[in-house]
Amino acid sequence: MTALNRVPSLMVRAGTASALTIAAVGGSIVVPGLSADAAAATTATKALKIAASKKGSPDRYGATGPRRFDCSGLTLYAFKKAGKKLPRTAAQQYNKTHHVSARHRKAGDLVFFHSGSSVYHVGIYAGKGKIWHAPKTGDVVRLQKIWTKSVWYGRVS
């Protein structure tokens, strides 16, 4: 939908309307490149930055922060701080996201590692084929290249 579709018909007949005119009559302005996902993108960007800020934090099974994390504990913590609630486990998180293809993945999307139909690990996509994640107990939160093609992507909405 373009901005002109939301402008009163009188203004459309008279020609183009400026942003100030549209605002003055209570219309809304549609900005090219922005979509209904703009708020989700902001949340995802915040969550990504929060996860990155935990670099070097110890990975401990069952931990949900703020100092120690397991994989789904890190994603839960990051999105909670960014204003979105996620369930506790990687599999539950996968079931609560909007699934997207690898081609349409964006920074801030969740990356779910699976074996067959079972999800066993999750991280936050950082772009360029890398994720922020808590790899395994005894390791630390870090940025790492995705090491397998057995992944699915999910967008938190």
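Residues numbered from 1 in each chain as written. Predicted model: local features only at pLDDT ≥ 70, side-chain atom pairs only at ≥ 80, totals over all residues. Heavy atoms only, no water.

Student: Account for the confidence of the model for the protein, naming residues and giving values.
Tutor: Averaged over all residues, the pLDDT of the protein is 83; the fraction at 70 or higher stands at 74%. Counted against residues more than four places away or in other chains, residues 1-34, with its pLDDT under 50, gives 21 contacts. (pLDDT = per-residue confidence, 0-100. Contact = heavy atoms within 4.5 Å.)

Student: An account of the nonpolar core is requested, with residue identities and associated values reported.
Tutor: Note that soluble globular proteins tend to have their nonpolar side chains buried in a common cluster. Counting residues in each nonpolar core, the largest one holds 23 residues, and the members touching the most others are Phe79, Leu110 and Ile124. Where this core is concerned, the elements lending two or more residues are α3 (38-53), α4 (71-82), α5 (90-95), β2 (110-115) and β3 (118-127). The dominant element in this core, judged by the number of residues it contributes, is α4, at six residues. If we skip the residues at most four places from it in the chain, Ile124 touches Ala47, Leu48, Ala51, Thr75, Ala78, Phe79, Gly108, Asp109, Leu110, Lys130, Ile131 and Trp132. Counting residues in each nonpolar core, the second largest holds eight residues, with Val111, Ile131, Val151 and Tyr153 among its members. (Core = buried A, V, L, I, M, F, W, Y, C linked by side-chain atoms within 4.5 Å. Buried < 20%, exposed > 50% of the residue type's maximum accessible area, 1.4 Å probe, protein only. Helix = DSSP H or I, 4+ residues; strand = E, 2+ residues; numbered from the N terminus.)

Student: Which residues make up the layout of surface pockets, and what are the values?
Tutor: The space that makes up the largest pocket amounts to roughly 190 Å³. Taken together, 14 residues form the lining of the largest pocket, with Tyr61, Asp70, Cys71, Ser72 and Tyr120 sitting closest to its centre. Counted by class, the lining of the largest pocket contains six nonpolar, four polar and four charged residues. (1 Å grid on protein atoms, 1.4 Å probe; cavity = no way out; pocket = protein on both sides within 12 Å on 5 of 7 lines; lining within 4 Å. Points joined across faces, edges and corners; volume = space filled by probe spheres on them. Nonpolar A, V, L, I, M, F, W, Y, C, P; charged D, E, K, R; others polar.)

Student: Please give an account of α4 that cites residues and values.
Tutor: In an α-helix, one full turn covers 3.6 residues, which means residues spaced three or four apart are oriented alike. A rise of 1.5 Å per residue sets the reference length of α4, with its 12 residues, at 16 Å; its end C-alpha atoms lie 17 Å apart and thus fit the reference within 8%. Within α4, 10 of the 12 residues are buried, leaving the element largely enclosed by the surrounding structure. Within α4 the residues assigned to the buried category are Cys71, Ser72, Gly73, Leu74, Thr75, Leu76, Tyr77, Ala78, Phe79 and Ala82. Gly83 sits one or two residues past α4 and shows a positive phi near 105°. (Expected span 1.5 Å × (residues − 1).)

Student: Break down the pattern of salt bridges for me, citing the residues and quoting the values.
Tutor: On inspection of all chains with the given rule, the structure shows three salt bridges. The closest approach of N and O atoms between Arg88 and Asp70, which form a salt bridge, is 2.9 Å. Within this pair, whereas Arg88 is found in the loop between α4 and α5, its partner Asp70 is found in the loop between α3 and α4, the two being separated by 18 residues in sequence. Exposure remark for Asp70: the relative accessible area of 10% places this residue in the buried category. (Salt bridge = Lys/Arg side-chain N within 4 Å of Asp/Glu carboxyl O.)

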